[in-house]
Amino acid sequence: AQTSGMAAEDKNIVLADEAGSHGSQRVSGQQDGYAQQDGKVMSDSSLFGDQGQAALRDKCHKAQITCEWTSQWSCPTQVHGVKGFANDDGSLAFSCCCGKAELWKHFATSTTTMVIGSEADWRVVAGSGAVQIMAEASDTAQVLGRRSRCQVLRASRRGNWLRLSEEPGFIRVGVGVGEDDMKMVPTFLKIQQGDCNIVGWYNIREFHSCTAAAAALNLAETSVVMRDDHKGRGLACFWRGDGEEEARQPMCSSSQEVVNKCTPLEGSAVPPMTSPELTVAEAVAATTKVLESTVPATTSAPYLPYLERTGKSPILYCYSVIRVEGYEKPLMQEQLKKGVGIFACDKFDLYSSPTSVLLGTAPLPIGGFDVKSITFQNAAVTVSKDNTAGNTELFMNVWEAVRLRGIWREADFTMKVDPDAVIMPDRLKAHLRPYIDWGATYIKNCNKVPGDPDFPMMFGALEVFSRDALDTYYKNVETCKQLPWQPWGEDFFMTKCLDSLGVYGLGDFQVLGDNLCLGAVCGDGLMAGYHPFKTIATWFDCWGQASVAMAQPVHPVLMPQGLVLGPPSAPWKK
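Residues numbered from 1 in each chain as written. Predicted model: local features only at pLDDT ≥ 70, side-chain atom pairs only at ≥ 80, totals over all residues. Heavy atoms only, no water.

1. Quick notes on the confidence of the model for the protein chain
Per-residue pLDDT for the protein chain has a mean of 74; in total, 71% of the residues score no lower than 70. Here residues 108–120 is modelled with pLDDT under 50, and outside its nearest four sequence neighbours on either side it reaches 49 contacts, counting other chains as well. Note that pLDDT drops below 50 for residues 567–574; the model gives that stretch 30 contacts with residues more than four away or on any other chain. (pLDDT = per-residue confidence, 0-100. Contact = heavy atoms within 4.5 Å.)

As C-alpha cells, then:
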C-alpha cells in the first residue's frame, strides 16, 4: 500500500510521515485486524467498552493480532523505538498492542522496554499527620477533604500552594521556612533489562528509595531488592518478577535525590472534618468556580486545547536557524550524527534561507529519516543599537515559518536555539517543569546589568516560550510591528513585544550560561544551556563536561502574587 509519500511494510502495515516530522509515525496493524462500523475505524473504548484486561487480550488473540512491530515502532509507554513511536489510529491492532491490552510487553525485544510508573510528585510530610485540601489557594477557602502523612499526590506548584492534578483542590506546601507539609519526590520507572543510564534516568542506590519506588509503581515491597549491579558500581535496586530466581529488572529514578523513609505518626488519625466532605461533583463545582474567576474577562480567544503527554516532563520543540555557508552547517551535522543538542528534544526543526539544506540522516533511535531545513523569506541584517545583529525583520519571517509549520502547538515550550549553543534537553525539562501551567510566559535568562531598564532580558542563544506565549504573539504580531524595532536585535524585540502584550517574563537565570552575559561554566551541573561554542571541538568539549557533571538541584522561581494563570494542565497519561 502506498499513499502520499508513505510506505507500508510487511503484513503489519506501518505508515510513516514524510521525512522531517519525527516522532509522529502511526501504525494501523493487520489488514484483517481493523474493527469497523459503517466504514469507520472504531476507537479503543468502542471496541472494548468496560471489559477487563484479560477479556481484551482474549479478543485480541481471537483476532490473531501480533505485535512484533513494537520492537521497532514502539508504543507510547516504551522507550523510543528504532523507527519511532506509533500513534493511536483507532485500529484494533493499536488497541491490542499499545492500548488497554498492553500486548507489547509480550512481544517487544528492545533491551530497554520502559514501563512508566506513578506520576505522583508530592508526599505529605506534615508534622500534624495530615493536610487539608482547599477549594482554592487560600487558608479561608472551603475544605474539600484531607490527606494523611506519607500519601503521595500529583500536583503542580504555584507559589506556596499546590494545585492537584488528579482531583480538584489546592494544598499549602508549608506554613513557614523549614516547616513544609509537602515534599517533592522523584518519579520512578522500571525497565525490563539494560541500565537506567540508557534511558536517561538514574539507578537507585539506596534502600528507602528502592522501597519508595516499589510503592510508587504499585509493586510489593518484598519484590524489590538491593543487589550488586555487576557493573562495578555497587548496589542498585532491582525488581524480581513472579517465578524469577534473581531480581533482573532495574528500578530507575528521575533524580539522584535520596527518598527518606516516611513513617505515619503513631496513633494519629486524620483530624475530623468540621463540615461533611464534599462529593466529587460538589468539589469539581467548587474549584471550577474558583478557576473560572481567574480567567481574564477580556480574552481574545479560548485557550489552546490540552496536550496529550506521556510522563510528567514538558514537551519541547526546539529549532535552529542555520546559514547555508559557514561553520553552522558542519557544527549542526555533528550534533545530528550523535542525536544531541536540539536533536534530543521531543520535536525539532531547522530553518534556512533562501534555500533548503539537507543536513543528513537522523540516528536510528530518533527516527532514521533525512533532516532537511525549512525555508523562510530572507531579509537584510543590519547592525543593532548594541552592535549586535539587527536581525529583527529576518526573525519575524522565521517566526512566521514556525507558525505555518504548526509544531509549536504540539509542545509545552518552543525554543529557538543558536547553532553554537550547547543545550541539554533533559535538564531543560527539569528547569521548565514547574512552569508548565503558568500560562503565557517566556524566560528572561540574563540579568547582566541589574537596575538597567533593559534588564533582565532574554538573550537570543536560548529563547524559551510557552505555547500560550506564542499564541499571544501570533494573535498580536501586527501590534508589535508598531514598536520602533528597526535598530533592535531579534531577542530584544521579542522581549519588548511580549512585555507589551502582557506575557509574563519569568526571570530564571539558571537556564543559560552565556559568555555574552555572566559567563558559561560547562561543568556546573546546573545550567541547561551554554554559549557560545562555534567549533566542533569546543562545542563537544562543553557538551561532554555538562554530560558528566554532577547534577545540581534546580531552584524554580516562585509564582508572583497576582499572576493570572492559564488553564490547568491536562492529566498526565499513565
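After that view of the structure, there is still more to cover.
2. Points about helix 8 (residues 392–405)
With 14 residues, helix 8 ought to run about 20 Å at 1.5 Å a step, and its terminal C-alpha atoms sit 20 Å apart, in line with that. What helix 8 keeps buried is the set Thr392, Leu394, Phe395, Met396, Asn397, Val398, Trp399, Ala401 and Val402. Just beyond helix 8, the residue with positive phi is Gly406, at close to 90 degrees. (Helix = DSSP H or I, 4+ residues; strand = E, 2+ residues; numbered from the N terminus. Expected span 1.5 Å × (residues − 1). Buried < 20%, exposed > 50% of the residue type's maximum accessible area, 1.4 Å probe, protein only.)

3. Quick look at the state of the cysteines
Tallied over the entire structure, the rule returns 5 disulfides. Through a disulfide, Cys480 is tied to Cys497; the S-S separation comes to 2.0 Å. Judged by the torsion about the S-S bond (75 degrees), the Cys480/Cys497 disulfide is right-handed. Of this pair, Cys480 sits in helix 10 (residues 467–480) while Cys497 sits in helix 11 (residues 490–500); the two residues are 17 residues apart in sequence, bridging distant segments of the chain. Each member of the pair, Cys480 together with Cys497, is buried. With its sulfur 2.0 Å from that of its partner, Cys522 forms a disulfide with Cys542. Disulfide Cys522 to Cys542: torsion about the S-S bond roughly -100 degrees, handedness left-handed. Highlighted residues: Cys522 in the loop between strand 35 (512–514) and strand 36 (529–531) and Cys542 in helix 12 (residues 536–548), separated in sequence by 20 residues. Each member of the pair Cys522 and Cys542 is classed as buried. (Disulfide = S-S within 2.5 Å.)

4. Points about the packing of aromatic side chains
Under the definition given, this model contains 14 aromatic pairs. Ring geometry for Tyr319 versus Tyr351: centroids 5.2 Å apart, planes at 80 degrees, classification edge-to-face. Here Tyr319, found in strand 23 (residues 316–321), pairs with Tyr351, found in strand 24 (residues 347–352); they are 32 residues apart in sequence, far enough to count as distant. Take Tyr319: its relative accessible area is 0%, and that puts it in the buried class. Classification of Tyr351 as buried rests on a relative accessible area of 0%. Taking the centre distance of 5.0 Å and the plane angle of 65 degrees together, the rings of Tyr435 and Trp438 count as edge-to-face. Accessibility assignment for this pair places Tyr435 and Trp438 in one class, buried. Here the aromatic cluster, defined as three or more aromatic residues joined through ring pairs, consists of Tyr317, Tyr319, Tyr351, Trp399 and Phe465. The ring of Phe238 carries the charged tip of Arg227 above its face, separated from the ring centre by 3.7 Å. (Phe/Tyr/Trp six-rings, centres within 6.5 Å; stacked < 30°, edge-to-face > 60°. Lys NZ or Arg CZ within 6 Å of the ring centre and 35° of its normal.)

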